[in-house]
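Examination of the molecular architecture
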Amino acid sequence: MKKLLIYLKEYRKESILGPLFKLLEASFELLVPLVMAAVIDTGIKNGDKSYIIRMCLYMIALGIIGLICSITAQYYAAKAAVGFAAKLKHALFSHIQKLSFTKMDQLGTSTLITRMTSDINQVQNGVNLVLRLFLRSPFVVFGAMVMAFSINVKAALIFVVTIPLLSVVVFGVMLGSMPLFKRVQAGLDQVLLATRQNLTGIRVIRAFNKEESEVENFEEKNNTLYKRQMFAGRISALMNPITYVIVNIAITALLYSGALQVDSGILTQGEVWALVNYMSQILVELVKLANLIITVTKALACANRIQQIFEMEPNFVEADSNVSLKDIKGARVEFEHVSLKYQMAGAESLSDISFCAKPGQTIGIIGGTGSGKSSLVNLIPRFYDITKGKILINGKAIEEYSVKELRSKIGIVMQKAVLFSGTIRDNLKFGNLNASEEEMEEALSISQSKEFVDQKEGKLDAIIAQGGKNLSGGQKQRLSIARALVRKPEILILDDSASALDYATDAKLRKAIREMKEQPTVFLVSQRASSILHSDQILVLDDGILVGIGTHEELLENCSVYQEIYYSQQSQKK
Amino acid sequence: MEKTKGNQKEIIHKILQRIKKYWFFVFLSILFAAVTVILTLYVPILIGDAINKIVTKGAVDFKGLGSIIIKIIVVIILTALFQWIMSICNNKITYHVVRDLRSEAFHKIEILPLSYIDNHSYGDIVSRVIADVDQFADGLLMGFTQLFTGVMTILGTLLFMFSINVTVTIVVVCITPVSLFVAAFIAKKTHVMFKKQSETRGEQTALIDEMIGNQKVVQAYGYEDKAMERFDEINQRLEKYSLQATFFSSLTNPSTRFVNSLVYTGVGIVGAISAVNGRIDVGKLSSLLSYANQYTKPFNEISGVITELQNAFACAERIFELIEEKPQIPETSDAVSLERVRGEISLKNVGFSYVPNRPLIEQLNLEVTQGKRIAIVGPTGCGKTTLINLLMRFYDVNTGSILVDGIDIRKLTRKSLRSGFGMVLQDTWLKAGTIRENICMGKPDATEEEMIAAAKASHAHGFIKRLQNGYDTMISEDGGGLSQGQKQLLCISRVMLCQPPMLILDEATSSIDTRTEVMIQKAFERLMEGRTSFIVAHRLSTIQEADSILVMKDGHIIEQGNHKELLQKKGFYSELYQSQFAR
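Criteria and cut-off values
- Residues numbered from 1 in each chain as written.
- Chains lettered and ligands numbered in written order.
- Predicted model: local features only at pLDDT ≥ 70, side-chain atom pairs only at ≥ 80, totals over all residues.
- Heavy atoms only, no water.
- Helix = DSSP H or I, 4+ residues; strand = E, 2+ residues; numbered from the N terminus.
- Buried < 20%, exposed > 50% of the residue type's maximum accessible area, 1.4 Å probe, protein only.
- Polar contact = N/O pair within 3.5 Å; in protein donor to acceptor, adjacent residues only side chain to side chain.
- Contact = heavy atoms within 4.5 Å.
- Core = buried A, V, L, I, M, F, W, Y, C linked by side-chain atoms within 4.5 Å.
- Axes fitted to C-alpha atoms, helices over the stretch in contact; angles between N-to-C directions.
- Parallel < 35°, antiparallel > 145°, perpendicular 65-115°, else oblique.
- Nonpolar A, V, L, I, M, F, W, Y, C, P; charged D, E, K, R; others polar.
- Left-handed = near helix turned anticlockwise from the far one by under 90°.
- Pairing = 2+ DSSP bridges.
- Salt bridge = Lys/Arg side-chain N within 4 Å of Asp/Glu carboxyl O.

Observations concerning the side chain of Asn152(A)
All names here are of chain A. With respect to the helices and strands, the residue Asn152 is situated in the loop between helix H5 (136–151) and helix H6 (153–200). Owing to a relative accessible area of 8%, Asn152 belongs among the buried residues under this scheme. Side-chain polar atoms of Asn152 contact the side chain of Gln261, separated by 2.9 Å. With sequence-adjacent residues up to four places away left out, Asn152 is seen in contact with Gln261, Ile266 and Leu267.

Quick notes on the nonpolar core
Among the nonpolar cores identified, the biggest contains 122 residues, and Phe335(A), Leu376(A), Phe523(A) and Tyr562(A) are the most heavily contacted of them. Tallying contributions element by element places helix H2 (residues 49–98) of chain A first for this core, with 10 residues. Setting aside residues no more than four positions away along its own chain, Leu376(A) makes contact with Phe335(A), Leu350(A), Ile353(A), Phe355(A), Ile365(A), Leu539(A) and Leu541(A). Counting residues in hydrophobic clusters, the runner-up holds 115 residues, among them Val26(B), Val97(B), Phe144(B) and Phe524(B).

Notes on the packing of helix H1 (residues 12–46) of chain A against helix H9 (residues 252–276) of chain B
Where H1(A) meets H9(B), the axes come as close as 10 Å, and the angle between the chain directions of the two elements is 10°. As judged from the angle between their axes, H1(A) and H9(B) are roughly parallel. Of H9(B), the residues touching H1(A) (which contributes Lys22(A), Glu25(A), Glu29(A), Val32(A), Met36(A), Val39(A), Gly43(A) and Ile44(A)) are Arg257(B), Tyr264(B), Gly268(B), Ala272(B), Ala275(B) and Val276(B). By residue class, the composition of the contact of H1(A) with H9(B) is eight nonpolar, two polar and four charged.

Brief notes about the side chain of Arg407(A)
Within the fold, Arg407(A) resides in helix H12 (residues 403–408). A polar contact of 2.9 Å, which involves the side chain of Arg407(A), links it to the backbone oxygen of Pro381(A).

Section: the packing of helix H14 (residues 437–446) of chain A against helix H16 (residues 473–485) of chain A
All names here are of chain A. The geometry of H14 relative to H16 is characterised by a closest axis approach of 8 Å and an angle of 135° between their N-to-C directions. Considered as vectors, H14 and H16 are oriented oblique to each other. As for how H14 packs across H16, the hand of that crossing is right-handed. Touching Ala443, Leu444 and Ile446 of H14 are Leu479, Ala482 and Leu485, all from H16. When its residues are assigned to classes, the contact of H14 with H16 shows six nonpolar, no polar and no charged.

Quick word on the pairing of strand E10 (residues 532–536) of chain B
All names here are of chain B. Counted residue by residue, E10 has five buried out of five residues, so it is predominantly covered. Residues of E10 alternate between two faces, with Thr532, Phe534 and Val536 on one and Ser533 and Ile535 on the opposite face, all of them buried. Where strand E3 (residues 373–377) lies against E10, four bridges are found, and the strand directions are parallel. Each bridged residue has a counterpart across the sheet, and for Arg373 the counterpart in E10 is Ser533. Strand direction decides the pairing type here: strand E9 (residues 502–506) and E10, joined by five bridges, are parallel. Along E10, the bridge assignment pairs Leu505 with Ile535.

Points about the pattern of salt bridges
By the definition in use, this model includes 24 salt bridges over all chains. Taking the shortest distance from any N to any O, the salt bridge between Asp385(A) and Arg382(A) comes out at 2.9 Å. A salt bridge links Glu233(B) to Arg237(B); its shortest N-O distance comes to 3.0 Å. Pair noted here: Glu233(B) and Arg237(B) are both in helix H8 (residues 224–249), with a separation of four residues, about one helical turn. A network of salt bridges, in which partner residues are shared, links Arg425(A), Glu437(A) and Asp461(A).

If you want it as structure tokens, here you go:
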């Protein structure tokens, strides 16, 4: 939480003035019993009606000033809280944009989204409440004590005993229930997981007739949540009754000691009344505080979750070199004894890989599941940093380039085609904001998407639903290839990105890429031997090790892994 | 407006129906609320009495005071006790109702037609079951604790005040409506702002969902700056609307508090003057002042509770929408259980479409005899997956019928039909739990040997053994931590264990490398022996050994036959096939 407070800094004025005005309001409120005591002691005793009316006018004046102070306080608190949340969101969003793929793999994106949305909202509510009320309550409590001292020291001692006692109860219940609420939240997470899982796996669950056992599982989680909620509720419900008892016992003590002092002429009846009144005010504040505490507890927990994200530093260090890729035409990519070990992983995912891709060449990459094909191509745009060796582009280590510039020269199409909501045009421009109409048309035709795009109503302006739901898998893949082509990349990486295409379209696509005017260096990852057959060089990976490199013919002669892959796909054909 | 009001009535009715089960706790809660309120109100009278005993120097009635103090202590202890019990009752009611609602919703999900689930985002359904129910719980709990006691306190204080002094009470009754009026006015004004705020917030969430959800693509394409720009634009708008909404809604409290202080002053003036005229004593005045405070407090709370409740009702509505959604067509009472399946499947004049007026499958006829292997090929969107949806009865046909062993599948129990099929889908799905649980999903009573045999047969045993805890390794939701291929191997093991009489394989091997695939193929071939199987795959090698190949295009079967026959036909299939090794 502490570290998040820097985002409140810009609202320092508001976050000081807000509570300040709140305190002013509270002070005026504290004066009311004094005025009333005067009414009782002087006005009623002397039967002075005009005095009574004058005092009551004072009270109304106090009320009006209080109202103004309070509205001012609310405004500043709202401004600070809302502004704080906006700043925090901005900072978090931009921080997430800088997180490395490694961190994202660890976290998973769904939790990032919840933290960005609901957690920040909770924190915003918390800040708003704290600015408005949290200072007020202790102030009223202590203010009441101070006022009590101004009336009578002996009676005020009762306040001195009561207030610490109350604090112990309030904080005790708060500290005691905080972990309980955390458990409730964890229980809720479980219920959420069960529900989500049931939805994502609905076909499998129904196919295996597992509906009943899923219900059972859900009921169990649901029940656990219920029990935790009840337990937490039972503890936090203690707060009000206990404070009620303490305050009222203090009142009886006040009455008794007041009676003694009135009897000996030290105090007046009105003053005893005022003392009792201050004690009741404390009770009112405590009840308010109790309601607040849950919100603040939640906000604190959420703030911690946000803090966690901020604490994750982006993994790579940006080089501030002046090596520029800007005007480079054609890219030569060299791997020199490259190894990669993922964080948390036990063994290396790639070991000692060396090869050289000349500008304009097509490099086919093939190998079994988990053999490191994707890992290898993910190294080129520096999605992950290598642990050993060197990757050179046009003779310079990739670390020397700015990441941004490096990536701007690369068009990568990932296994899972991702499109964004918006028009087809928006999605193409995602790759290159300045793409011209012709460039987009060209990219569409190379990626074999022209035909279906032209069939869509509005063509380039056809709307794509979130996640590309209204497109088939193959269409999504083709559009995501078009998006990469629009960038006119020097390096084009296709990471098994034509898997949903039928053979005919796949072949046409590869042909079109080969015939591109400014031929990029292409990395083609595939499971199908047929797709990479005609590459200039084929890399054969097996368990992270480069077991073969060469052309199709060469490999058929000397690489057993390749032979096995190739013939297994061919055998049934013949 | 009228409509929403009627709607709200309906929702309240539905909520009450669900609370009815816990009428005993409701009764207790109301009873204890009443008792608590009466006792709480009695305390100021006692305190007033006590103050009356301490008039001035030398005139203090200690004996009387002592007995009053004892009374006060007894009363407050009772109050505290009842208050606690009341809270527990309220918790019980709320959390019970919430649990029931969630459970009802979940049961519903199990019997909803797949079309509903396919057409709604998971996020939406999940947020109904989780967030909306939670919000509803908050509102309900607040309603129970504050609305009851609030109303009771108002009624009680009025009664007590009337019993003390009528004039003063009338003053109070006259001023209070102002506070309600102010609160209502503010609520009305802020409604629009809240709406704008939540709309903008929705917009922002959608952007976050896309940009962060697909962060890798965003980074790969250097879209960060543009994303930030779009985000900031919305963020600024949201800040503006939030400020308005937060500020104006927070005016309610100070305003009503101001009205309260007016009430308090009113009581002060009238009371004090009455006291001067000797119609009331100081102790009574003190009680009245204290009541004036207590009386106005619930008004603030109630206005808060009402907005909270409205919110809760809106959430409840979303939950009820889900709960009341039309379930899939129930099984007829005379539904037959499929036993000793031979695996003869026939499709007769089947017609189907997801969207009315956009037919997908039309007049589809197909006869599959026992043990035959049917491969389905064709370009994307041709209806391959749909056919599976129909066979498994995830969706019902619009026209025509599907027969298994001569019986219309709509006359079979879903359970027996589905357990007749073993299915491996394109989207691998694993549940959070151990590997063992996942493999044994279809056959929870499988022995260790059976499970390992199945895993070995699908070549999953090797990698499972290498995992930290072997078969007891926990995997997270959706198999996180496993590669796509490993996930698929597990899905295959799952089917392998069940040994179902019929098989459906939907591009099941698309992300397993070809070496593993060959091995799996062999295993499958063993499994497929004598079993009717449907295979959907892009890979021709998978299909070549099929007894019959269906070439689908636009929902129709355009070619049918075995590999050789189709090649000789030189039609669509041969074109597809030839392109495989074309440059």
